[in-house]
Every structure is written in structure tokens, then in C-alpha cells.
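Geometric and topological summary
Residue strings, one per chain:
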Protein chains: 2
Amino acid sequence: VKGIVFSGSGLDRAAHRRRDAAWLRERLADDATRVLPFWRLAPLVRTGDAPRLAWATPALLEGREEAPAPVFLGVAGGIAHFAADLSDRPEPLAEFGFDGVAHFPDLRAIAGLLPPDEAAIAAQARHVVDWHARHGFCPGCGERTHVQDGGWSRRCASCSTEHFPRTDPVVIMLVLDGERCLLGRQPAWPRPFFSALAGFVEGGETLEEAVVREVAEEAGVVVSDVRYLASQPWPFPASLMLGCTARAATREIVVDRSELEEADWFTKDEVRAALAAPTPRLAVPPPMAIAHHLIRAWVEGDSSAA
Amino acid sequence: VKGIVFSGSGLDRAAHRRRDAAWLRERLADDATRVLPFWRLAPLVRTGDAPRLAWATPALLEGREEAPAPVFLGVAGGIAHFAADLSDRPEPLAEFGFDGVAHFPDLRAIAGLLPPDEAAIAAQARHVVDWHARHGFCPGCGERTHVQDGGWSRRCASCSTEHFPRTDPVVIMLVLDGERCLLGRQPAWPRPFFSALAGFVEGGETLEEAVVREVAEEAGVVVSDVRYLASQPWPFPASLMLGCTARAATREIVVDRSELEEADWFTKDEVRAALAAPTPRLAVPPPMAIAHHLIRAWVEGDSSAA
């Protein structure tokens, strides 16, 4: 599956450098190093017709020793890349001279407009920046934790436990019944927008068992023959979307109203039309969502989604 | 892929009951309800020739209102199942009358001997019991959190943030080069034990990108054509193993000594022999590990692991 938004960053994460404090210090003293500012989980993006990430130099970090430590993202073309959280500043655009040339848009709104490699870098950065923002304390003892390893772990100052960014696996599945597929609509989504069903993988179950459980819970449909198709990082805040198809063994739908407003079967013709343009009955997710690719692969007869 | 240990519990998790406090109270007042005791992350198991989980009745929980709340696991045959953490008791076998009839063995040591459905229930329970044991405080503000929703979330008493059990996706991959496969040995593993390479999926990468990155980091080998084969819950403490194959694009191995002691190419004949019995050059993981199934599927020519 091609064109998964938030994949393909092109950065070498160079994980062996994360514990190399001297190397990280050198890079942060090098004007060639690129620093991506974040503010309240939004990346800095250049204004203008073709949005691009707006990279700053490490000069941005001067005098910010008390602020969250920058996160080392990786290396490309010999140049180190970091992310820096400026959320402690009330007006960073003015303070750092970005007014009029860049802004902090919601990543979800801008991702499809960014070059794919830049969207992927922003996803990596948002995932880790958000984790730091919400993990300043040790869940084991309640004391303060401190950033280490170039932003890839935190250590408790009291009990010394190391904590690592969490990534939440989510199954998202297109349930197929011959020439029909099952789509659902959450209460917050405007009619006629529908998408594939989805839910978090829980402890003690396989990806396949999670698919079976979630479809039964949300729509009352029994499925079998789960097939993995593709995955997508989804940094809102920390998901790994695991895209699958499954075969329906029953047809009757019983919607769990705490999860979905409605769910229904749609024919391949209905879905094909909605992929071209929303119809009165159906609008499907845009290419930014992995659900779009699951749906498109089925409609276009990709054998791996048979 | 059949025979994945820790899958196939047969319990209906009945997630809609987790927020039904009255129903949970009723079940915990019913002598037919089954409670699986845990002690320092080990499940209670009957002693004897054929190990089985040793279920207690809710009477076990009397007088334990200050102890960790029981975790609702699900329903089977109309009977509710819970897990209860007795780690606060110094000698629970004697205190609760289990001496001589049951013990608390390491789940890793006993899992392959338990009936598959019981191993899966124990995995689900261990995953969540462990999470509670290590998440008594809010990572956002450091205050105490309290169990809610039948043990499936915790809420901060101060900032009201809800926290959910984490599940860590891990890629484990058999790298193939025609009739050879790449296996590695961690420093702690005795010679000649080798297994598939593995590592945590990070934020901002697909499952496929995680496979490529981990193989490059650990063994210096470039891979492509990643294919997902099967998954396994691995509650030590909270992993979801995502088993894949990948095709080698380079052959030279450069081992990262911080991860592996050695890595090497093994022929299909060498691996086939080791599956039957350890050889002087190679011992492979037992059927309890998903790596075993990746290796076996390749040796036996399963087309999905081509």
C-alpha cells in the first residue's frame, strides 16, 4: 500500500546516538543542525501556498536550559534534526521572530498538504513531544522524572525507574461480506461520513482477536479470516493503526450506541462512487486516513484485501 | 498460524459491563464467580501432573477493601471471571489455604504446560495486574490514581485524567536470504540459542518501517518486502509481538554489541535440524515463542512466509 500519510520520513533515527551526550551537545552547538519548534502540540509551518516545516537553528534553545529538553529525531544528509517544545512561552511566534512567515497549525489539518517526508517527521516529533508533556511524573511512585537519552526516555529522580514513550496499537478493519462492506459513524461525525470500525488492542489478545472482539462489540457482527494489510503511525496522541480486512460470518447489525451512532452495509458501487465524491448517502475518509486505503484496496480489487 | 501461546482465551471480555458497577458488585457477591489470585505477577496454579489455573471464589476478597480492586476479565458459560492481586500479603498460600494444593509459578515457565485457553486468560490478567502495580500515580501531575471500570482504567484523584493499560507493539522478524535466515543471540542467552531479531515500534513509524530500522540497527542488514504473518500477546510485561518476514537486500552483518552478542546466517537445513533437536551450532526458540512459528512456517514452506 503506497501513500500512507505519516510514513516515509527519510530520517535515520540513529538510535545509537541517543545515549551519546557529547555528540548530542556538539550537534546542538552546530548552526547546521535543524530544530523543529512545537507549540501546544502543533509544529511550526511556513505560511504560503506550499506549506513546509519551518526549521529553526539551535540558537532557538539558548537560555532555555530549564525548558523541556529537545528531542533528537535523527539525521539526514549529515544534519541532525531535533524537535523543541515551546509550549511554556505565551507568544512564541513574536518572541522568536516567526510572525508573518510561519504559524503553528494543527498537524491533522496540515498533514495532507505537507511533503510526505515532512509529515512523517512531524508525526514522529508530535508523538514524543506529547509524551513528554504528559509524563513529567513517575507512574510508579509519583515523583518527578527527567529527560534522558536525547528525549527517548525519562528517569525517575526518586526510584530510578526508566520510562519510554508509549505507542498504542489500534486495529482498524474493513469487514467484508462479498460485494458489501461494513462502515460505521461515530456520534461526533457529520452525516453522511462513515469509516471502518476501529479500537485499541488490549492486553492478552492477538491483533486478530482484537479485530473479532471490536467488530462484535461495536456492531454485533461475527467475523473471521482477519488479514493484515498495512499500518500507519497516528500521533493523536500515540497510536499505531493496524489496518486489516475481515470476513463477515453474520449480517445482522446491532450497534453499540456508546461507540457508534450507526453502522451499515455499503455496496462496492456505493463506495466507489463515494471515493470519487461524497454522495447523499456516503462520504468516506480522505487519503490521509488508513481507512481510505483499506476501502480503496477493496474497491480496486487488490488481491491482498480479498 | 495455529498454536500461538497466550491466544484463544475463550472469555467474552464483555467490555460493556466494565462501567456497570451494580453488575460487577452482584458478580462479586456470587459464589459461582471465579477469581484468579496473582502474587507478585505469578498466577495461582494447581500443583500436580497437569497444571491448571487455580480459581478461588469471591470470598477471597473479603476484608480486602483497601487492597487493589479485582480486574474483571470476562464471562464464560455465564460465569464472571476476575483477577485479584494478593501481592500485599507476605504468605498468601498459607493465609488463603492453598498450601500443598497450589503455588505461584512464573507464567513464562508454566505457560506451555497450561491448557491454551488458561494460558491466554493468565496472560490477559498478568498484563493488567502488572499495569496497576506500576501505575498508582498520575504521570501528568504525580498524584494518586484510583481503579475504575472493573480494572480497565485508573483516574487521577487530582487532575481527573483517565489512564488506560498500555500495550507495547514489538516487531519480531525473520530475515530471509533465499535458503538462509538471519538469527541473533542476546548476551544473556546461552550458546547456541538464537532467535529472530526484535524491537519496539517507535512513534512515527509504520510496522514495516520498524522492521527495516531494527534489522539495520541490530545487524547492519538492509531489508525490504516486509510481510506480516502472525501476532502474539506477550505479557512480560505488556508487549504485542507482531511477527513478520523480510527479505535481505544486503548480506554483510555488523552486530550492534549493545543489543546482540552475535548474529549469523543459518541454512534451512541447519534450522530444520534444530527444530527437531538442538544441534551444537543452533538451538531455536520453543513453540511458546512466536519466533518458533516464524521459523517453522519458513522451513515448512508456508507460502505466506515466502
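Since this is a predicted model, take the numbers as computed values, not measurements.

1. Some details on the relation of the copies chain B and chain A
Turning chain B through 180 degrees and shifting it by 0.0 Å along the axis lays it on chain A, with an RMSD of 0.0 Å. Here the symmetry operator amounts to a two-fold rotation axis. By C-alpha distance to the rotation axis, the residue of chain B lying nearest is Gly142(B), at 2.1 Å. The residues that chain B uses at the interface reappear at the interface of chain A in 100% of cases, marking a shared surface.

2. What about the sheet that holds strand 5 (residues 79-85) of chain B?
Residue and element names in this part refer to chain B. Overall, mixed pairing links the four strands, which are arranged 2-1-5-4 in an open sheet. At either end of the open sheet lies a strand with only one pairing partner, and these are strand 2 (42-43) and strand 4 (71-76). Along the sheet face, helix 1 (residues 21-28) touches strand 4 and strand 5 and points at about 85 degrees away from the line of strand 5. Lying over the sheet, helix 4 (residues 116-133) contacts strand 1 (34-39), strand 4 and strand 5, oriented at roughly 55 degrees with respect to strand 1.

3. Some thoughts on the interface of chain B and chain A
Each partner contributes to the interface: chain B provides 45 residues, whereas chain A provides 45 residues. Taken over both partners, the interface formed by chain B and chain A buries close to 3200 Å², and the fraction arising from carbon and sulfur atoms is 54%. Looking only at chain B, the three residues that lose the most surface to chain A are Arg13(B), Pro139(B) and Arg166(B), adding up to 17% of its buried area. The salt bridge partner of Arg18(A) is Glu202(B), with a shortest N-O separation of 2.7 Å. On the surface where chain B and chain A come into contact, there are 26 residue pairs in polar contact (both at pLDDT 80 or more). Put simply, the parts of the chain that give the side of chain B that touches chain A at least two residues each are helix 4, strand 10 (168-177), helix 5 (207-219), strand 13 (223-234) and strand 14 (239-248) of chain B.

4. Quick look at the pattern of salt bridges
Inspection of every chain in the model, using the stated rule, returns 56 salt bridges over all chains. One network of salt bridges, in which partners are shared, links Arg13(A), Arg18(A), Glu202(B), Glu205(B), Arg213(B), Glu214(B) and Glu217(B).

5. Comments concerning the environment of Met288(B)
All names here are of chain B. With respect to the element layout, Met288 can be found in the loop between helix 6 (268-276) and helix 7 (290-299). For the pair Met288 and Gly112, spaced 176 residues apart in the sequence, the C-alpha separation amounts to 6.0 Å. Residues within four places of Met288 in sequence aside, it is in contact with Val5, Phe6, Arg108, Ala111, Gly112, Gln232 and Trp234.

6. What about the side chain of Arg126(B)?
Residues and elements named next belong to chain B. Mapped onto the secondary structure, Arg126 falls in helix 4. Although Arg126 lies buried, it forms no salt bridge, and the closest oppositely charged side chain, Asp130, sits 4.9 Å away as judged by the N-O distance. In this structure the side chain of Arg126 is engaged in a polar contact, spanning 3.3 Å, whose partner is the backbone oxygen of Leu41. From its side chain, Arg126 meets the backbone oxygen of Pro235 in a polar contact 2.7 Å long. Leave out the neighbours within four places in its chain, and Arg126 touches Phe38, Leu41, Leu107, Pro235, Phe236 and Pro237.

7. Some points on the sheet that holds strand 9 (residues 162-163) of chain B
Residues and elements named next belong to chain B. Strand order in the open sheet formed by three strands is 7-8-9, and the pairing between neighbours is antiparallel. Of all strands in the sheet, those with a lone pairing partner are strand 7 (145-148) and strand 9, marking the two edges. Sheet topology places strand 8 (residues 153-156) next to strand 9; two bridges connect them, and they run antiparallel. In the sheet register, Arg155 faces strand 9, and the bridge partner there is Glu162. Against the sheet, helix 4 contacts strand 7, strand 8 and strand 9, and its axis sits at roughly 15 degrees relative to strand 8.

8. Section: the confidence of the model for chain A
The predicted model of chain A averages 96 in pLDDT, with 98% of residues at 70 or higher. Reported for the predicted complex are a pTM of 0.97 and an ipTM of 0.97.

9. Some words on unusual backbone geometry
Each neighbour pair has its own omega, and for Arg191(A) with Pro192(A) the value is -5 degrees, a cis peptide bond. When you line up the elements, Pro192(A) lands in the loop between strand 11 (180-185) and strand 12 (197-200). In this structure, Ser160(A) is a non-glycine residue whose phi angle is positive, near 70 degrees. Structurally, Ser160(A) is set in the loop between strand 8 (153-156) and strand 9 (162-163). Here Phe6(B), not a glycine, exhibits a phi torsion of approximately 85 degrees, which is positive. Relative to the assigned elements, Phe6(B) resides in the segment before helix 1. Among the residues examined, Phe6(B) registers a relative accessible area of 1% and is labelled buried.

Criteria and thresholds
- Along every chain, residues carry numbers that run from 1 in the direction the sequence is written.
- Written order determines the labels here, with chains lettered from A and ligands numbered from 1.
- Where local features are concerned, this predicted model is filtered to residues with pLDDT of at least 70; where side-chain atom pairs are given and counted, the filter is 80 or more; whole-chain, interface and lining totals use all residues.
- The basis for every side-chain value is the complete set of heavy atoms in the structure, and neither hydrogens nor water enter the calculation.
- Copy-to-copy alignment: least squares on C-alpha atoms, limited to residues at pLDDT 70 or above in both.
- Pairs of residues are marked as contacts when any of their non-hydrogen atoms sit within 4.5 Å.
- By this definition, two strands are paired if DSSP reports at least two bridges between them.
- Per the convention used, a helix needs a DSSP run of H or I reaching at least four residues, while a strand needs a run of E reaching at least two, with both numbered from the N terminus.
- Here the axes come from fitting lines to C-alpha atoms, over the contacting stretch only for helices, and the angles between their N-to-C directions go from 0 to 180 degrees.
- Accessible surface is computed with a 1.4 Å probe, and the buried area is the amount of it that two parts give up when combined, taken over both parts together.
- By convention in these notes, a salt bridge is any Lys or Arg side-chain nitrogen within 4 Å of a carboxyl oxygen on Asp or Glu.
- Any N or O atom pair separated by 3.5 Å or less is treated as a polar contact, with the protein-specific requirement of one donor-capable and one acceptor-capable atom, and with residues adjacent in sequence counted only for side-chain atom pairs.
- The cut-offs for exposure are 20% and 50% of the maximum accessible area for each residue type, with area from a 1.4 Å probe on protein chains only; residues under the lower value are buried, those over the upper are exposed, and the others partly exposed.
- In this tally, Lys and Arg are treated as positive and Asp and Glu as negative; His is ignored, and so are the chain termini.
- What pLDDT reports is the predictor's confidence in each residue, on a scale of 0 through 100.

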